[in-house]
Amino acid sequence: MMNGPLEWFGSIGAIISAAMIAADWGRKWTGWAFVLFVLVSTAWIATGVMNGSTPLTVQNAILLTINSWGVWQYLLSPKNRKKIERMEELESQASEDVERGRA
């Protein structure tokens, strides 16, 4: 039966991850949303295997790959981390400019 703790974690985790990305709190938050998506995909894979649901298992195996790539892109890639740090500096400066009416 698909109504246990893994399913609830998967459902709630997916909602939180999607909200984190939609909120656009910055690239680091997006990276952490992808980390949560990786955990969610893993939970759904386990659920699919335990319940004999091949479509659910295959879908989330593919999503696990995509979400892992998101973790790499947003948190682990040295090149992208440098870009993120630079963009955060520029964003901070732009926010200050807007607040001071210089934009």
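Throughout, residues of each chain are indexed from 1 in the direction in which the sequence is written. Reporting in this predicted model follows two pLDDT cut-offs: at least 70 for local features of residues, and 80 or more for side-chain atom pairs to be given and counted; totals over whole chains, interfaces and linings ignore these cut-offs and use all residues. For the side-chain quantities, the full set of heavy atoms in the structure was used; hydrogens and water were omitted.

1. Considering the packing of aromatic side chains
In plain terms, the rule: Two aromatic rings, drawn from Phe, Tyr or Trp (for Trp, its six-membered ring), form a pair once their centres lie within 6.5 Å of each other, and the interplanar angle then sorts them: stacked below 30 degrees, edge-to-face above 60, tilted otherwise. Type-normalised accessible area, obtained with a 1.4 Å probe on protein chains alone, sets the label of each residue: buried when under 20%, exposed when over 50%, and partly exposed for intermediate values. The numbering of helices and of strands both runs from the N terminus, where a helix is a DSSP run of H or I of at least 4 residues and a strand a run of E of at least 2.
Evaluated as defined, the whole model comprises three aromatic pairs. Here the aromatic rings of Trp25 and Trp29 are separated by 5.2 Å at their centres, their planes lie at 70°, and the arrangement is edge-to-face. Classification of Trp25 by relative accessible area gives exposed; the value is 52%. Overall, Trp29 belongs to the partly exposed group, its relative accessible area being 45%. Ring centres 6.3 Å apart and planes at 50° place the aromatic pair Phe34 and Phe37 in the tilted group. With Phe34 and Phe37 both in helix H2 (residues 27-50) and three residues apart, this pair spans about one turn of that helix. A single burial state applies to Phe34 and to Phe37, both of which are buried.

2. Some remarks on the packing of H2 against helix H3 (residues 54-76)
As a reminder of what qualifies: The axes are straight lines fitted to the C-alpha atoms, using for helices just the contacting stretch, and the angles between their N-to-C directions are given from 0 to 180°. Note that the term roughly parallel is reserved for angles under 35 degrees, roughly antiparallel for angles over 145, roughly perpendicular for angles of 65 to 115, and oblique for everything else. Should the near helix be turned anticlockwise from the far one by less than a right angle, the crossing is termed left-handed; should it be turned clockwise, right-handed. For this classification, the nonpolar set comprises Ala, Val, Leu, Ile, Met, Phe, Trp, Tyr, Cys and Pro, the charged set comprises Asp, Glu, Lys and Arg, and every other residue, Gly included, is treated as polar.
Where H2 contacts H3, the two axes come as close as 8 Å, and the packing angle between them is 160°. Here H2 is positioned roughly antiparallel relative to H3, judged by the angle of their axes. When the axes of H2 and H3 are compared, the crossing they make is left-handed. Broken down by class, the residue content of the contact of H2 with H3 amounts to 15 nonpolar, twelve polar and two charged.

3. Side note on the environment of Ala61
Along the chain, Ala61 falls in helix H3. The class for Ala61 is partly exposed, based on a relative accessible area of 34%.

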